[in-house]
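Residue-level structural notes
Each chain, letter by letter, is given below.
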Amino acid sequence: MEIKAADVMKLRQMTGAGMMDCKKALIEAEGDYNRAQEIIREKGKLVAAKRADRETTEGAVLARIDGQKAILVCLGCETDFVSKNAEFQALANSIADAAIAAYPADKDALMSVVLADGRTVEAAVTEQTGKTGEKHVVAYYSPISAAFAASYIHHNGKVAAVVGFSKEVSADVARGIAIQVATMNPVSVSDKDCPAEVVEKEIQIYKEQMKEDPKMAGKPEAMLEQIAKGKLGKFFKENTLLEQVYQMGDGKQLVKEVLAASDKDAQILGFRRFSLAD
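The following paragraphs examine the structure supplied in this document. None of the values given here were measured: they were computed from a predicted structure. (Residues numbered from 1 in each chain as written. Predicted model: local features only at pLDDT ≥ 70, side-chain atom pairs only at ≥ 80, totals over all residues. Heavy atoms only, no water.)

Another point: the packing of aromatic side chains. Centre distance and the angle of the planes are the two values used to describe a pair of aromatic rings. This model, assessed by the stated rule, comprises three aromatic pairs. Both rings, one in Phe-148 and one in Phe-165, keep their centres 6.1 Å apart while their planes meet at 45°; by these two values the pair is tilted. Of this pair, Phe-148 sits in strand 4 (residues 148-153) while Phe-165 sits in strand 5 (residues 159-165), and the two are 17 residues apart along the sequence. (Phe/Tyr/Trp six-rings, centres within 6.5 Å; stacked < 30°, edge-to-face > 60°. Helix = DSSP H or I, 4+ residues; strand = E, 2+ residues; numbered from the N terminus.)

Encoded structure:
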């Protein structure tokens, strides 16, 4: 049967797929638009399966805040060229908008969220993979709830952070602390909420270092353990948010001091950070 240019354009507007892909789908579907759309979706799944092992080191990291809700989400792809494409950016923003509206608990739940155009996140990402021939994936998603939140997205769009506070603080301080999280990559807010596995890893590193020191030869394991724990203070000072030197100031104040000067009752409840460079 003859496939007219107008038919191809109509299917392109319906799916966003390339002209040749639309024409091939219509020919295979014998002009049936519903079947042609299904063929295009199946092509996306096939491309996604073939490129499943590809790394997605490019993309867009986005933040959204709505009242006491905030989210951080990343749509990843393989190349910088694709990540700068207007259609890719539109999809990333659509996913971020849907995420803050639906506020799913985790990434698995996000994949079932319906976008403004009626597709699920999972379907939209798969179809975009089919259109470009390049792997697309929701590389990261995490929500955070707090009385007040602030975000920062680096100018390259590849690293972002969201910080939750117990109460509203000045915009400059809130943004500065969000920038601190994005740039300095703390492991936790303080030593009290530092993940146990991180602490244990550091202890093991210190113990291995001491075992290689001739002066520590023959020392009992229990002693090495205690000495290693004593060295954690420096680690916490350099790697926990409140103890870090505040990067947006004169280099003389800690983050906790800057926050206290802004509002002595304000607390940092948590943060989310993601970087495509990590």
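Once the structure has been displayed, the description carries forward.
With that out of the way, let us pick up the sheet that holds strand 5. The strand order 4-5-6 describes an open sheet built from three strands, whose pairing is antiparallel. Here the strands that pair on one side only, and so sit at the sheet edges, are strand 4 and strand 6 (268-275). Strand-to-strand twist of the sheet, defined as the mean angle between neighbouring strand axes without regard to direction, takes the value 10°. Alignment of strand 4 against strand 5, held across six bridges, turns out to be antiparallel. Following the sheet pairing, Ala-150 is matched in strand 5 by Val-163. Where helix 8 (residues 171-184) meets the sheet, its contacts fall on strand 4, strand 5 and strand 6, and the angle it forms with strand 4 comes to roughly 55°. (Pairing = 2+ DSSP bridges. Axes fitted to C-alpha atoms, helices over the stretch in contact; angles between N-to-C directions. Contact = heavy atoms within 4.5 Å.)

As a further point, take the environment of Asp-106. Summarising the element assignment, Asp-106 is placed in the loop between helix 5 (86-102) and helix 6 (107-110). Each C-alpha atom of the pair Asp-106 and Thr-183 lies 24 Å from the other, and the pair is 77 residues apart in sequence. Polar contacts involving the side chain of Asp-106 include one to the main-chain amide nitrogen of Ala-109, which spans 2.9 Å. (Polar contact = N/O pair within 3.5 Å; in protein donor to acceptor, adjacent residues only side chain to side chain.)

Honestly, that's just the spatial picture; any functional story needs more than this.
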